[in-house]
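# Architecture at a glance
Here are the chains, one letter per residue:
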Amino acid sequence: MARIVMKFGGTSVADIDKIRNVAQHVKREVDAGHQVAVVVSAMSGKTNELVSWARQAAPIHDAREYDTIVSSGEQVTAGLLAIVLQSIGIDARSWLGWQIQVTTDSAHGAARIENIDGEQIVERFIIGQVAVIAGFQGIGPGNRIATLGRGGSDTSAVAIAAAVKADRCDIYTDVDGVYTTDPRIEPKASRLIKVSFEEMLEMASLGAKVLQVRSVEMAMVNNVRLFVRSSFEDPLAINQNRFTGTLICSEEEILEKQVVTGIAYTMDEAQISLRRVPDVPGVSAAIFGPMADNHINVDMIVQSISEDGSRTDMTFTLPDGDVEKAMAVLDDARNEIGYEIIQSEKGLVKVSVIGIGMRSHAGVASTAFTALAAKGINIRAITTSEIKFSVLIDADYSELAVRTLHQKYGLDSK
Ligand code: ADP
Ligand code: ASP
Ligand code: MG
């Protein structure tokens, strides 16, 4: 007997037929004698619709009311799945975030889970009842509903798994595992059998939205074994001995270490350049302090110094959607920073190569630079760290770059 948390994403619960299919996956585990809790997302497209209703009501609105609205999608699917489970003879009941007491901080719209009382769920395990939990939500200060940021049901599932000390957390989605890159843009992407927490954290942070970044962080900290698998495989034909998904686990469990594990990309990047800034101590603080104060997330930073060392050009990247705000903030700070020219450009993409093998292999990044140059792709900025590097390029070349690198590092499926 194992204790399992099963999470089903939006496409897996998109309509009543799909919810019936999910119920069969749950039944399989219950019939095998396991203790099961289920975490559900809203039906696919539902959260987008709710977000757009909130925006239509008023473009600038109370974030607590936004959370009241957008959390409702998960409430519907939790109730529906509980009914369907009951209809096939499985004892089940729904739970909302406030009922379990998933407590969060006050960052409405992107709240962090602070605590989960696993007690009630464990009591249900003992009487053989399946807890069907609405993902993406908790309860913040002042008794207000809070949501966990887009894709947050993954984090709900991992947090519940940690709270009830589950043996496994199975994330069911519309792909049968984590791939070497997004299979939607590279059909030759291949499924990874095992990925380390660290690599998955980088892949998710750098654009592989198959798992929410915080869910991977939380799994790593609490050592929750995560399986990513498809809900579209026949629930009764999945042979329990033949595992088809991807296991995300600690590095020690991975025997065969690849130099490069995967390639991720983030669209909608932008670049701002400040030209001819006096090169004096404090200039970076003068530029990036106001960015931070205005909650603008700066990513890559490139500085180039003039020949006599008196002036510098400072270029940095940020999300496309923040450019107007950043330009206004930098305009206000113009006298203090002392730049002569400011330029911005949208429509860029960041492509990243990830692999723990980079720690011990030299020259991994230079292979990419040569391969991209051979395809005529211009690199605007580069960042590197221990197990990954990223290049900023024009969005028109994003697919070509991903495919080129995927092939170059030997990741194409055989
Ligand atoms: P869910 O609704 O189940 O949470 P998501 O849409 O959030 O599903 O995540 C699944 C999607 O993630 C896949 O359909 C796939 O296009 C995308 N994806 C991006 N990168 C990867 C990757 N490296 N491996 C697998 N899927 C990926
Ligand atoms: N329904 C939420 C979203 O679309 C949470 C999730 O699906 O994980 O972002
Ligand atoms: Mg998701």
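In the block above lies the structure referred to throughout.
Read on for an overview of the structure. Every chain begins its residue count from 1, and numbering advances along the sequence as written. Each chain takes a letter, starting from A, and each ligand takes a number, starting from 1, following the order in which they are written. Local features in this predicted model are restricted to residues of pLDDT 70 or higher, and side-chain atom pairs are both shown and tallied only at a pLDDT of 80 or more, whereas totals for entire chains, interfaces and linings draw on every residue. No hydrogens and no water enter the side-chain calculation; it runs on all heavy atoms of the structure.

## As for the environment of Gly-245
We apply this condition: For helices the rule is a DSSP run of H or I covering at least 4 residues; for strands it is a run of E covering at least 2, with both sets numbered from the N terminus onward. The classification of residues rests on relative accessible area computed with a 1.4 Å probe and restricted to protein chains. Under 20% of the type maximum is buried, over 50% is exposed, and intermediate values are partly exposed. Any pair of residues with heavy atoms lying within 4.5 Å of one another is described as a contacting pair.
Within the secondary structure, Gly-245 is located in the loop between strand E11 (226–230) and strand E12 (246–249). According to the relative accessible area criterion, Gly-245 is buried, its value standing at 0%. C-alpha separation for the pair Gly-245 and Ile-171, spaced 74 residues apart in sequence, amounts to 9.5 Å. Look past the residues within four positions of Gly-245 in its chain and what remains in contact with it is Asp-176, Gly-177, Arg-191, Leu-192, Ile-193, Val-228 and Arg-229.

## A few points about the pattern of salt bridges
We apply this condition: The salt bridge definition used is simple: a Lys or Arg side-chain nitrogen within 4 Å of an Asp or Glu carboxyl oxygen.
One pass over the structure, following the stated rule, counts 26 salt bridges. Residue Arg-275 is joined to Asp-313 by a salt bridge in which the shortest nitrogen-to-oxygen separation is 3.4 Å. Of the two residues, Arg-275 is situated in strand E13 (residues 262–278) and Asp-313 in strand E15 (residues 311–319); the sequence distance between them amounts to 38 residues. Residues joined in a network through salt bridges with shared partners are Arg-28, Glu-29, Arg-168, Asp-170 and Arg-229.

## Brief notes about the packing of aromatic side chains
Given two aromatic rings, one states the distance between the centres and the angle between the planes to describe the pair. Note the following rule: Note on aromatic pairs: the rings of Phe, Tyr and Trp (six-membered ring only in Trp) are paired at centre separations within 6.5 Å, and the planes decide the class, stacked below 30 degrees, edge-to-face beyond 60, tilted for the rest.
One pass over the structure, following the stated rule, counts three aromatic pairs. Consider the rings of Phe-288 and Phe-316, whose centres lie 5.3 Å apart with planes at 80 degrees: the pair is edge-to-face. With Phe-288 in helix H10 (residues 283–293) and Phe-316 in strand E15, this pair connects stretches of sequence that are 28 residues apart. Each member of the pair, Phe-288 as well as Phe-316, is classed as buried. With centroids separated by 6.1 Å and ring planes inclined at 70 degrees, the aromatic side chains of Phe-369 and Phe-389 adopt a geometry described as edge-to-face. Here Phe-389 lies in strand E18 (residues 388–394) and Phe-369 lies in helix H13 (residues 364–374), a separation of 20 residues in the sequence.

## Comments concerning the site of ligand 1
Threshold: For each residue, the test is whether any non-hydrogen atom lies within 4 Å of the molecule or strand; if one does, the residue is near. What qualifies as a polar contact is a pair of N or O atoms within 3.5 Å, subject to a donor-acceptor requirement within protein and to the restriction that residues adjacent in sequence count only when both atoms come from side chains. Note on residue categories: nonpolar means Ala, Val, Leu, Ile, Met, Phe, Trp, Tyr, Cys or Pro, charged means Asp, Glu, Lys or Arg, and polar means any other residue, Gly included.
Residues in contact with ligand 1 amount to 17 residues; listed here are only the nearest, Thr-173, Asp-174, Tyr-179, Asp-182 and Arg-184. Take Thr-173: an N or O atom from its side chain is 2.7 Å from an oxygen atom of ligand 1. The separation between an oxygen atom of ligand 1 and a polar side-chain atom of Asp-182 is 2.9 Å. When its residues are assigned to classes, the shell around ligand 1 shows seven nonpolar, five polar and five charged.

## A look at the sheet that holds strand E10 (residues 194–196)
The condition is simple: Between any two strands, pairing holds if DSSP finds at least two bridges. Between N-to-C directions, angles cover 0 to 180 degrees, with each direction set by a line fitted to C-alpha atoms, over the stretch in contact for helices.
One open sheet holds the eight strands; their spatial order is E3-E6-E2-E1-E9-E11-E12-E10, and the pairing between them is mixed. The sheet terminates laterally at strand E3 (92–95) and E10, the two strands that pair on one side only. Here the strands of the sheet are splayed against their neighbours by 20 degrees on average, with no regard to which way each runs. With four bridges connecting them, E3 and strand E6 (residues 130–134) associate as parallel partners. Bridge assignment links Ala-92 to a residue of E6, and that residue is Val-130. Relative to strand E1 (residues 3–8), helix H1 (residues 16–31) is tilted by about 175 degrees, and along the sheet it contacts E1, strand E2 (35–40), E6, strand E9 (168–173) and E11. Where helix H4 (residues 72–87) meets the sheet, its contacts fall on E2, E3 and E6, and the angle it forms with E6 comes to roughly 160 degrees.

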